[in-house]
Amino acid sequence: MKNFKDKNIVITGAGSGMGRCMSIELAGKGAKIIASDINKQGLEETVEMVKRNGGTIHSHQVDVGKETAVFAFGENVLKEHGHVDVLINNAGFALGKINFKSLKMNDFHKIMDVNFWGVVNHTKAFIDNLLTRPEASIVNISSLFGIIGVADQVPYCTSKFAVKGFSEALRMELMNSNVVVTCVHPGGIKTNIAKNAVHYGDDETMDKFEKRALRIPAEEAASLIIKAIRNKQERLLIGPEVYMADSLVRTSPVGYGKVLKFIMDKAMQ
Ligand SMILES: NC(=O)c1ccc[n+]([C@@H]2O[C@H](COP(=O)([O-])OP(=O)(O)OC[C@H]3O[C@@H](n4cnc5c(N)ncnc54)[C@H](O)[C@@H]3O)[C@@H](O)[C@H]2O)c1
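Residues numbered from 1 in each chain as written. Predicted model: local features only at pLDDT ≥ 70, side-chain atom pairs only at ≥ 80, totals over all residues. Heavy atoms only, no water.

A count of helical and extended segments in the protein gives 9 helices and 9 strands. Along the three orthogonal principal directions, the C-alpha set of the protein runs to about 50 × 40 × 35 Å. Residues counted as buried form 51% of the 269 residues belonging to the protein. Counted over contacts in the protein with a minimum sequence separation of 6, partners at least 24 positions apart contribute 72%. Of note, the protein has its 34 positive side-chain charges centred 4 Å away from the centre of its 29 negative side-chain charges. (Helix = DSSP H or I, 4+ residues; strand = E, 2+ residues; numbered from the N terminus. Buried < 20%, exposed > 50% of the residue type's maximum accessible area, 1.4 Å probe, protein only. Contact = heavy atoms within 4.5 Å. Lys, Arg positive; Asp, Glu negative; His and termini not counted. Charge placed at Lys NZ, Arg CZ, Asp CG, Glu CD.)

To continue, consider the environment of Glu173. Looking at the secondary structure, you find Glu173 in helix H5 (residues 154–173). In this structure the C-alpha to C-alpha distance between Glu173 and Thr12, which are 161 residues apart in sequence, comes to 24 Å.

What follows deals with the site of the ligand. The full set close to the ligand counts 29 residues, and Ser16, Asp37, Asn90, Tyr156 and Thr191 are the nearest of them. Contact between the ligand and Lys160: an oxygen atom at 2.9 Å from a side-chain N or O atom of the residue. Broken down by secondary-structure element, the contributors of at least two residues to the shell around the ligand are helix H1 (17–28) and H5. In terms of residue class, the shell around the ligand is made up of 12 nonpolar, 14 polar and 3 charged. (Near = heavy atom within 4 Å. Polar contact = N/O pair within 3.5 Å; in protein donor to acceptor, adjacent residues only side chain to side chain. Nonpolar A, V, L, I, M, F, W, Y, C, P; charged D, E, K, R; others polar.)

Here the focus is the sheet that holds strand E5 (residues 136–141). Here 7 strands make up an open sheet; going across it, the order is E3-E2-E1-E4-E5-E6-E9 and the pairing parallel. Single-partner strands in this sheet number two, and they are strand E3 (56–61) and strand E9 (235–238). Shown here is a sheet whose adjacent strand axes are inclined to one another by a mean of 15 degrees, direction ignored. Direction of pairing for strand E1 (residues 8–12) relative to strand E2 (residues 32–37): parallel, over a ladder of 5 bridges. Residue pairing for E2: Ile9 is matched across the bridge by Ile33. Contacts between helix H7 (residues 218–230) and the sheet are confined to strand E4 (86–89), E5, strand E6 (179–186) and E9, with E9 contributing the most and set at about 165 degrees to the helix. (Pairing = 2+ DSSP bridges. Axes fitted to C-alpha atoms, helices over the stretch in contact; angles between N-to-C directions.)

The next point concerns the environment of Asn121. Inspection of the secondary structure puts Asn121 in helix H4 (residues 105–130). For the pair Asn121 and Val77, spaced 44 residues apart in sequence, the C-alpha to C-alpha distance is 14 Å. Other than its neighbours up to four places away in sequence, Asn121 contacts Glu67, Val70 and Phe71.

Summed over all chains, the structure comprises 12 salt bridges. Linking Arg133 and Asp85 is a salt bridge whose minimum nitrogen-to-oxygen distance equals 2.8 Å. In this pair, Arg133 sits in the loop between H4 and E5 while Asp85 sits in the loop between helix H3 (67–81) and E4, placing the two residues 48 residues apart along the sequence. Asp85 sits in the buried class, given a relative accessible area of 1%. Across the pair Lys195 and Glu210 runs a salt bridge whose closest N-O atoms are separated by 2.9 Å. (Salt bridge = Lys/Arg side-chain N within 4 Å of Asp/Glu carboxyl O.)

Moving on to the packing of helix H8 (residues 240–251) against helix H9 (residues 256–268). Following both chains from N to C, one finds H8 and H9 inclined at 150 degrees, their axes separated by 9 Å at the closest point. In terms of orientation, H8 lies roughly antiparallel with respect to H9. Mapping the contact onto sequence places Met244, Leu248 and Val249 in H8 and Tyr256, Val259, Leu260 and Ile263 in H9. Of the residues assigned to the contact of H8 with H9, the class counts are 7 nonpolar, no polar and no charged. (Parallel < 35°, antiparallel > 145°, perpendicular 65-115°, else oblique.)

This part takes up the side chain of Asp246. With respect to the secondary-structure elements, Asp246 resides in helix H8. Here Asp246 falls in the buried class, since its relative accessible area comes to 10%. There is a polar contact of 2.9 Å between the side chain of Asp246 and the side chain of Arg250. Asp246 has contacts with Ile147, Arg235 and Leu237, leaving out every residue within four places of it along the chain.

Written out as structure tokens, the structure is:
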């Protein structure tokens, strides 16, 4: 995408973290931001930050895990703004440390509804319109945990692997079209992801995880994602740990687990 001036950009989960930072940076580049989040207060803060910088932003409170709400949002956006050039499927949440045996199935369903079905339903809501634009992008935020499987994170990993699979298959269908599909795999980014996680009582591990694993500033991650959209880059890894994990998985598709467990245990000590 040559530039972002006057582009209509939908960003989900814009009330915090990377979604907020992308909203601010893209509005600064002249885009019209159509921001959504379930968290009204966070969304209002983002709106104020964007407006303070002289940017244009419209906000909608939407639960991306609710299919009917997502399709209603899609209809409203197209009625109000006419078209969409970029869709950034960013909203998501994590679960605290919990093994599959003890997990509440409700939480597994909820994380799939938000992290996976939210992405699919938004894409379905906007795909026809995106295909009419001169150039368009769909950006799906997966994770390091969409490349490697980790213990005590089965639902989150499942949702993020699903986002990767959806993005890769859709990319094949859209290969000769105007729509670029970008799948992003961030490592540890300093956002509210740990604070906003559904905790299972192991707050000490979450605190440690937040302090030791979430290192990259959200602004830096947002800038890398925006650069990837501009360059029509279809796969983006953010953080040295993601590059390392990605090559480990290729070298040893099953054995990578033991190496990673050793490294992660050391990092959390
Ligand atoms: N921070 C990291 O280290 C990291 C790493 C890999 C992937 N990710 C992914 O990046 C994306 C952005 O997360 P972040 O790190 O900025 O975290 P964050 O918690 O700061 O922001 C996530 C936003 O999504 C919103 N959200 C959550 N559930 C929602 C729902 N049902 N409907 C609408 N909005 C909802 C939250 O209210 C919040 O504003 C997520 O998909 C996350 O899984 C984050």
